[in-house]
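# Summary of structural features
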Amino acid sequence: MSLVSIKTAAPTGPKYWRSLDELAKTPQFREFVEQEFPAHADEMLEGNSRRTVLKLMAASFGLAGLAACRRPVEHIYPTAKGWDNYVPGEKLTYATAVSLAGQVTGLLVETHDGRPTKIEGNPDHPFSQGAATALVQASLLNLYDPDRSKSVLEAGKETSWSAFEATVKSLSLGDGSGLRFLSETVASPSLFALRADVLKKFPKAKWVEYEAFQRNAGRAGAMIAFNEAVSPQTDFSKAKVIVALDSDFLGQDWQTPLPTKQFSSRRHMDSEEDFDKINRLYSVESQFSITGANADHRLRLRGSEIKQFAADLAAALGALPGLNVLNNGTDRRSKFLAAIVKDLKAAGKDSLVITSPRQPAIVHALAFLINQSLGSTAMEFAKSGTQERVEAGVDALKALVGEMNAGQVSTLVMLGGNPVYTAPADLAFASALAKVAASLHLGPDEDETAASAKWHVPEAHYLESWGDAVTSTGVATIQQPMIDPIFGGRTAAEILALVSGSPTTKAHDIVKNYWMSTFPGSHPGETKSVASGKDAVKEITANPAEQAWRKSVHDGIVSGTKPQETAKVTADAKRIAAAWATEPKAAEGGIEVAFVPSASVFDGRFANNGWMQEAPDPINKVVWGNAALISPATAKAKNLSDGDVVTLTRGGLKMEVSVLTQPGQADNAITIALGYGRERCGRAGKDVGFNANLLRSSDAFWYAPNVEIATTGKTYTHVTTQERGLADGMNNRPLYREVDIAEYKKNPKAIEEQSEVPPLHSIYTELNYDKGYQWGMAIDLGSCTGCNACVVACVAENNTPVVGKDQVARGREMHWIRMDRYYVGSEDEPRAVEQPLPCMQCENAPCENVCPVAATTHTPEGLNDMVYNRCVGTRYCANNCPFKVRHFNFLNFHKGDSDILSMVHNPDVTVRMRGVMEKCTYCVQRIQETRIAAKADGRREIKDGEIKTACQQTCPADAIVFGNINDPQSKVSKLKKQERNYAMLAELDIRPRTTYLARLRNPNPELEA
Amino acid sequence: MAAIFPKSSDLIMKVAGALIGLGAVAAISAYAYYSYPAQIDVGYQPVQPVAYSHKLHAGDLGLDCYYCHSTVYKAAFAAVPSTNTCMNCHTKVKTDSPRLEVVRESARTGQAIPWVHIHRLPDYVYFNHEAHLNAGVSCVSCHGRIDQMVEVEQAKPLNMAFCLDCHRDPAPNLRPTEQVTKLAWVPDRDPRAIGEEIIAQKHINPPVNCSGCHR
Amino acid sequence: MSVAVPQDPQLLEVNPPLVPGHPDYHDVTEQISTIVEGDVRTTPMKYWITLACTSSIVVLLGGMLTYLALTGIGVWGNNRPVGWAWDITNFVFWIGIGHAGTLISAILFLFRQKWRTSINRSAEAMTLFAVMCAAIFPVFHTGRPWRAYWLFPVPNTDLGMWQNFRSPLIWDVFAVNTYLTVSILFWFTGLVPDLATLRDRAVGKVRQYIFAALSMGWRGSARHWRHYEAAYLILAGISTPLVLSVHSVVSFDFATSVIPGWHTTIFPPYFVAGAIFSGFACVMTLLLIARWTLNLQDLITMKHLENMNKIILATGTIVGYAYAMEFFIAWYSGNMYERFTFWNRAFGPYWWAAWSMYTCNVFIPQLYWFKKLRTNLWVMFIISITTNIGMWFERFVIIATSLTRDFLPTSWGYFHPTYVDICTFIGTVGLFLTLFLLFARFLPMIAISEVKGVVAVEKGSFPKERQEVH
């Protein structure tokens, strides 16, 4: 009854009291009493014993005729002052940018009453173009992570910022000979500047950038190829034939949506003309990446053998003189090589050979060489500035650790990152760190490094702090905060300013001063920020730099910054040949272990992020953990089966990990995702999966050869969202449909013919949906890469709960849009296809018929509504759903949400309680919002593309199109007119509103045999 | 053998049966009646932190609702005014009235005034003032004659049936937009006729499907 | 027709008397009433021990349901895709059991099958108790049981909306409740004359008052009998279609869906046959126990048992035919999903469930072709048990395994019951037994008046026209 559930003012749902006694102590109770019986308030609260109070209470209920327990007392707290363009309950959107491992994506962030609630890509930003990756989408949850670092720690004990500042000031840094900085990849212009100053101030100081997923091999390759510091700039949209040498450019190699955007632009087939622009992708890789899944042809090679393949390719193309192709036989590799060579030659300037940051520099050099020899326009090079005494990469870290062990480092400032966890095991970073007199760590979590450093200070999330970020092409964005630091964190720039003793220590001033100085008409050295209101207007008009600043902050692009010029460089074949000669050959035989960044937790920084932990791996569908992926053949040979825990040993390094067979994995090669097995982490990520860094060493950073494998007899359960075995394939069902483009050109009916749909009639009177808006969706399987961005975007938009490993194991995950994966072909050489599956919004919905309480019904606009508050939870609808896209709240999954965590909820969507069914709604809240806006604005028509569903908006491949199918001009109805458009299970007469555009493959006829 | 019960017991049985039956019916009807929010919510009149009289301000002084609740035409939520709004006048009028201490306090400290929420819908109901007011639904339709209330109380049940009645037949509750906040407005002719005209002119077609209000 | 007058030797061969030993009316009354009238202290200890066990299981049931209601369906093994598992399986299982009662009472009554007289009372009681157990599940399988009353078309002035009358679940609500009501009336009407008998024999005021109230002033006058016969006949007439309707409606839950393995037109007759099959098996189990413990050999004769076994054989064969037909249609339809479902049913991960069902329901009952076996008490006892196991598996196989693997392989799953699933089911069994034990002890298990009727006929001491009316 309401007495024990008085609502508090916080927007975080009701609080419950364990007992009336406890309740009677609370202020709410006091208010309640005062309001309900002003007359007796005093005696009730002061005078009598609580028992009397409760007696009075009970009496008053009777008298007041339920008036008292009618409902919880809820308050409205209006602002005392009120501020510009804030309307309570209405969303505001701000431009900002996120930098993930040095990769920058421009963002538009939606906030409700001062809480960031949704992240979208910034359409004006060149690296985003309106899209965002799964990880970027999920970075929102990190902001509200209740396990985030909350306080300054000295030797693990809580202390204050002032104490920390005092210590920093007391450091005697002198010329900086004992001063070292360790950071993640820096992509912030203002931080660059600040860093330059600091290194000038301390002429002997050094700065090391280290990432578990370092991207500096490309630059090293450029040094070999061109002997100057240039960085490649790739444009996949310019290439018709792409050869990916171990490159996962559609997956984790880039942390921006850009490559997918560019690649898929040649996979959209809107009309006959587009058939010619379709690209062909060859993938040569060890593990099954989504790039491999999207390839028209895929060759399984161990990671270390790929450099040989690159060399052979270069040789076969005649780009590398004095080298002849090895084992020019008739095996698959040779056939593959021959076909590629032919295809590349034919494609000429429309070709692209791309490799991965995980490959050694020489492979990059060879790739550059090949591209240049082919005259490829898809890869160009731009000068990249270098900074004195700043080194990046694992070798730099190794050197640093050497210095630390040698006691040459007195002060180590770690700005972000978690080196104790991410550093290769052979460096024993933790023990080296212990030798450093003063070690300061700035980080978002109280992680492994925070535990071993002398000082730990909380780092501010990018959504709660000022900063800036520049893309690898030189487009800068101001990163503006939307909320005050929840746990009082600070930014790297602020700490650096503190260490260098610079006068400006506020992030806002650091950033603003930097940019103001670059704008025309600036007043150098200005620090004061501008007041708001009338004087602001004056000041802005008076000061063009201030105008530029405000515009930059508003637009999400710093006015004046544009992609930098590309430089004309020519690769030197001789240097490369020489380098190749010295390159050690791949180890024959043995088991090779490859390390890859996890698609879910990246390098571990997302380990405590429930959204990502529960986002299934795109290929093997594992959630809440990683595995030693091994090919079925090798598993048989070693007589291992799924779940067996094995010890992997190499030199002094060893780790325990559980194996999982992965069709399409290279033989004698194991792949383990990084970022798991965190020991010091929040509740979600602690001890989830296996820590691959234990086996990683600086000499074998990505591929560890000759690893001994020994069984332990222990077993472990991998939780996947799809049944394995028989369910891995489609069982000859026409669910995911694809056809070779050549055949499609000949016979456009090829897709339709894959299933037979007899004439069907419903026994109920058929509604006709020919008036007004009729919402529908088309999903283009041809361009969808299966990257999971839509899955996470949906979770963020629709308050979908995280249920945890155990519940997923019971088959109770709640994702409204599912990424279905099927293997096609043999177990050793399969292809994988990905099919996003939201609610199909059937016109003759089987679920609606069977609901006894009419909790799911159809709207005149063809939406299949789900009404949580009417649902009694018979689950009949879910049983009768042919797609099984309805999700039941088996338990109260939101119960555990702390107040902080609940702040991430989208207020436009009901948070569901236990016992009710839920499912994709086509983001009905967005439809209604737009409809009301259109009405208010002269009752105009809703324009095509004005409403975007969350999955559609974030899709980097633009594979999802939503709109009014009743309007022949809308994009969606045009797509649905295509011959390759098909409705899944149409033979059930369910008339799905969501239909699929069959995938058009572009295989090389020579390799098809 | 002798009958254990007298003959009359037949009658007693019958009567008893009848009573039980009636009792059941009565119970169900009672439930149906009291579960109706009209019985539960209407008349909710909590004591507000400030003894603000809508009768005085909106009624006698004739302030337009829109002066304080300034977001109603452009937002879902009818904002309760910030303290500044009160102080616009009360820096000049009744500057030292003890009843306004809370307001002045708030203006000084910047602490919000904890108004008590009266017209509250469940969290799963998404009502939008913007849509309704621009369509020509008056405040009166859902809030009653606020301008006559010294202390505001809930006048209408605001339950689903209440909403549906109007969504199924909006005509009687529509009026020219400029009259929306004129609570005392009396139509000069048949209100339904006026409503019909507005419906025709604005193509008003209120949703009666679930997602119209539940999301 | 009337039973042969016992003098005729040939007829005695084919048609032994239903009540051997030619007891007179008094013997019958004595034999049955004494069970009820026996002093509580004289009731054998083993009865109380059994009752204690079963009622403690009822406590367990209560605990489990409370836990479920407080925590959520998640305490069961149900998942996606298996939205319904043991919950609805148990529901259909119990409803099925409930069928024999009405069948024996009503249909056999209308067909003048006099051998029903000594078993119909307990069969009806069993029906009631089974339906009560069944009724638990539709309520508690909902995610929000406190809202389950929304399934009833109660006046809902708040929402201004009604139920979805297209939903088979709503049909269920009506079907089951009608069935329960009619069964209670039918059972009680039959009881009235016997309650009167007990009243008249009752010693002690309390007993007298109770039975007097229950027997509603029955005096056994010709007028009473006339009304009684008429009422009983009418109720029999009403309940007969119910025997067919209830389980047909229950089968619509599945038949009207789109899921391969559910979407089957053969379901209504197939479910009814299955229900009668399991119902008779359950009656058999209970009667055999009663027969042994209460020495009712004279009233529950081999002829009764054999007749029931014949029906079990018949219905079992019908069920077997239905199974075969499902497979045939799946193959004949050429529908890949149907084909896979039935292949998967027999050879998929749930092969063990399917095959235990085929064995128990189809193969084992075929033993009843041999008179030796169908008249052997032990054989029939064991078979009655296996039949019920088999029929539970039938429901599980249809409901759960069809759901585990339907159209999209990506949504396939598997169902693991939790201890709550198991305890809940055991709990309902406990409830059923407890109710039955109480009934057996405190109400006449066998229709005294009807048995007397049969005795009368067999003695030939009734005028022909009276014989007609039973």
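Residues numbered from 1 in each chain as written. Chains lettered and ligands numbered in written order. Predicted model: local features only at pLDDT ≥ 70, side-chain atom pairs only at ≥ 80, totals over all residues. Heavy atoms only, no water.

### Concerning the overall build of chain A
Selection rule: Only DSSP runs of H or I covering at least 4 residues are called helices, and only runs of E covering at least 2 are called strands; the numbering of each starts at the N terminus. Note that the radius of gyration is over C-alpha atoms, with the globule rule given as 2.2 Å times the number of residues to the power 0.38. Summary of the burial criterion: residues with accessible area below 20% of their type's maximum are buried, those above 50% are exposed, and those between are partly exposed, where the area comes from a 1.4 Å probe applied to protein chains only. Pairs of residues are marked as contacts when any of their non-hydrogen atoms sit within 4.5 Å. Values of accessible area rely on a 1.4 Å probe in the Shrake-Rupley scheme; residue burial ignores everything except the protein chains shown. We count Lys and Arg on the positive side and Asp and Glu on the negative side, and we leave His and both chain ends out. Charge positions come from single atoms, namely NZ of Lys, CZ of Arg, CG of Asp or CD of Glu.
Helix and strand counts for chain A stand at 34 helices and 41 strands. By the compact-globule yardstick of 30 Å for 1009 residues, chain A fits well, its C-alpha radius of gyration being 30 Å. Across its three principal directions, the C-alpha atoms of chain A cover 100 × 85 × 70 Å. Counting the 1009 residues in chain A, one finds 63% classified as buried. By sequence separation, contacts in chain A at least 24 residues apart represent 74% of the contacts at least 6 residues apart. Roughly 36,000 Å² of accessible area belongs to chain A as shown, and the carbon and sulfur atoms make up 54% of that amount. One finds the centroid of the 111 positive side-chain charges in chain A at a distance of 1 Å from the centroid of its 118 negative side-chain charges.

### Some remarks on helix H8 (residues 217-226) of chain A
Residues and elements named next belong to chain A. The line we're drawing: Note that the arc is computed from the directions linking the helix axis to the C-beta atoms.
Across the 10 residues that make up H8, a large majority, seven, are buried. All of the buried residues in H8 are Ala217, Gly218, Gly221, Ala222, Ile224, Ala225 and Phe226. For H8, the angular spread of the buried residues around the axis is 160 degrees, confining them to a single face. Among the structural elements, strand S9 (230-234), helix H13 (361-374), strand S14 (379-383) and helix H22 (573-582) are those in contact with the buried residues of H8.

### With respect to the sheet that holds strand S39 (residues 981-982) of chain A
Residues and elements named next belong to chain A. We count it as follows: Between any two strands, at least two bridges found by DSSP are needed for them to pair.
The sheet built from four strands is open, its strands ordered S38-S31-S40-S39 with mixed pairing. The open sheet has two edge strands with one neighbour each: strand S38 (960-964) and S39. Where S39 lies against strand S40 (residues 994-997), two bridges are found, and the strand directions are antiparallel. Paired with Asn981 across the two strands is Leu997, which belongs to S40.

### Here we look at the side chain of Arg999 of chain A
Residue and element names in this part refer to chain A. Put simply, the rule reads: Here a polar contact is taken to be a pair of N or O atoms separated by no more than 3.5 Å, where protein atoms must pair a possible hydrogen donor with a possible acceptor and residues adjacent in sequence count only if both atoms sit in side chains.
Within the fold, Arg999 resides in strand S41 (residues 999-1001). Residue classification places Arg999 among the buried residues on the basis of a relative accessible area of 4%. Engagement of the side chain of Arg999 in a polar contact is seen with the backbone oxygen of Asn294, the distance being 3.3 Å. In contact with Arg999, not counting residues within four places along its chain, are Ala293, Asn294, Ala295, Tyr736, Arg737, Glu738, Val739, Leu781, Gly782, Arg831, Ala832 and Val833.

### Describing a nonpolar patch on the surface
Here is the rule: A patch consists of residues whose relative accessible area exceeds 30% and which take part in no salt bridge; residues with like charges are grouped when within 9 Å of each other, and nonpolar side chains (Val, Leu, Ile, Met, Phe, Trp, Tyr) when within 5 Å. Any carboxyl oxygen of Asp or Glu that lies within 4 Å of a side-chain nitrogen of Lys or Arg is treated as forming a salt bridge with it.
On the surface, Leu726 of chain A together with Trp343, Phe347, Trp351, Trp352, Trp355 and Phe363 of chain C cluster together into a nonpolar patch covering about 780 Å² of accessible area. Listing elements by their share of the nonpolar patch, those giving two or more residues are helix H11 (336-347) and helix H12 (351-363) of chain C. The greatest single-element share of the nonpolar patch, amounting to four residues, is contributed by H12 of chain C.

### Focus on empty space enclosed by the protein
Residues and elements named next belong to chain A. Rules: A cavity, in this analysis, means grid points on a 1 Å lattice covering only the protein atoms where a 1.4 Å probe fits yet has no way out; a pocket is instead an open set bounded by protein on both sides within 12 Å along at least five of seven lines, and a residue lines either one if it has an atom within 4 Å of a point. Grid points are joined across faces, edges and corners, and a volume is the space filled by probe spheres set on the points. Residue polarity follows a fixed list, in which Ala, Val, Leu, Ile, Met, Phe, Trp, Tyr, Cys and Pro are nonpolar, Asp, Glu, Lys and Arg are charged, and the others, Gly among them, are polar.
All chains considered together, the criterion is met by 18 cavities of 30 Å³ or more. By volume, the second largest cavity is sized at about 610 Å³. Lining the second largest cavity are 42 residues, and of these Gln252, Pro597, Ala599, Asp617 and Pro618 sit closest to its centre. Here the lining of the second largest cavity gets three residues from one element, more than from any other, and that element is strand S26 (residues 669-673). Here the lining of the second largest cavity is composed, by residue class, of 22 nonpolar, 16 polar and four charged.

### A look at the packing of aromatic side chains
What counts is decided by this rule: Aromatic pairing here means that ring centres of Phe, Tyr or Trp (its six-membered ring) are within 6.5 Å. Orientation follows from the plane angle: under 30 degrees is stacked, over 60 is edge-to-face, and everything else is tilted. Whether a charge sits over a ring depends on NZ of Lys or CZ of Arg being within 6 Å of the ring centre and within 35 degrees of the ring normal.
Under the defined criterion, the tally for this structure stands at 76 aromatic pairs over all chains. Their ring planes at 75 degrees and their centres at 5.9 Å tell us that Phe93 of chain C and Phe425 of chain C sit as a pair that is edge-to-face. One end of the pair, Phe93 of chain C, is in helix H4 (residues 86-110); the other, Phe425 of chain C, is in helix H15 (residues 419-442), and 332 residues separate them in sequence. Given a relative accessible area of 17%, Phe425 of chain C falls into the buried group. Geometrically, the ring pair formed by Tyr228 of chain C and Tyr232 of chain C is stacked, given 5.6 Å between the ring centres and 20 degrees between the ring planes. A residue pair is termed a helical-turn pair when its members lie 3 or 4 positions apart in one helix, as Tyr228 of chain C and Tyr232 of chain C do in helix H8 (residues 222-255) at four residues. Classification of Tyr228 of chain C as buried rests on a relative accessible area of 7%. A residue is classified by how much of its surface remains accessible, and Tyr232 of chain C, at 2% relative accessible area, is buried. Residue placement shows Arg875 of chain A over the ring face of Phe888 of chain A; its charged tip is 5.1 Å from the ring centre. Arg166 of chain C extends its terminal NZ or CZ atom over the ring of Tyr764 of chain A, reaching a point 3.6 Å from the ring centre.

### Brief notes about the side chain of Ser106 of chain B
When you line up the elements, Ser106 of chain B lands in helix H6 (residues 101-109). Ser106 of chain B gets classed as buried once you look at its relative accessible area, which sits at 2%. If sequence neighbours within four positions are ignored, Ser106 of chain B has contacts with Ala80 of chain A together with Thr83, Gln111, Ala112 and Ile113 of chain B.

### Things to note about the packing of helix H5 (residues 117-140) of chain C against helix H9 (residues 267-294) of chain C
Residues and elements named next belong to chain C. Threshold: Every axis in this analysis is a line fitted to C-alpha atoms, fitted for helices over the stretch in contact. Angles between the N-to-C directions lie between 0 and 180 degrees. Crossings are classed by handedness, with left-handed meaning an anticlockwise turn of the near helix from the far one by less than a right angle and right-handed meaning a clockwise turn.
Two elements in contact, H5 and H9, have axes separated by 10 Å at closest approach and are oriented at 115 degrees. The two elements H5 and H9 meet at a crossing, and its hand is right-handed. Note on element contacts: H9 touches H5 through Gly279, Cys282, Val283, Leu286 and Leu287, opposite Ile119, Ser122, Ala123 and Met126. Its residues assigned to classes, the contact of H5 with H9 comprises seven nonpolar, two polar and no charged.

### As for the environment of Val657 of chain A
Residues and elements named next belong to chain A. Inspection of the secondary structure assignment puts Val657 in strand S25 (residues 653-661). For the pair Val657 and Arg266, spaced 391 residues apart in the sequence, the C-alpha separation amounts to 40 Å. When neighbours within four sequence positions are excluded, Val657 is seen to be in contact with Ala627, Ala628, Asp644, Val645, Val646, Leu648, Ile672 and Phe690.

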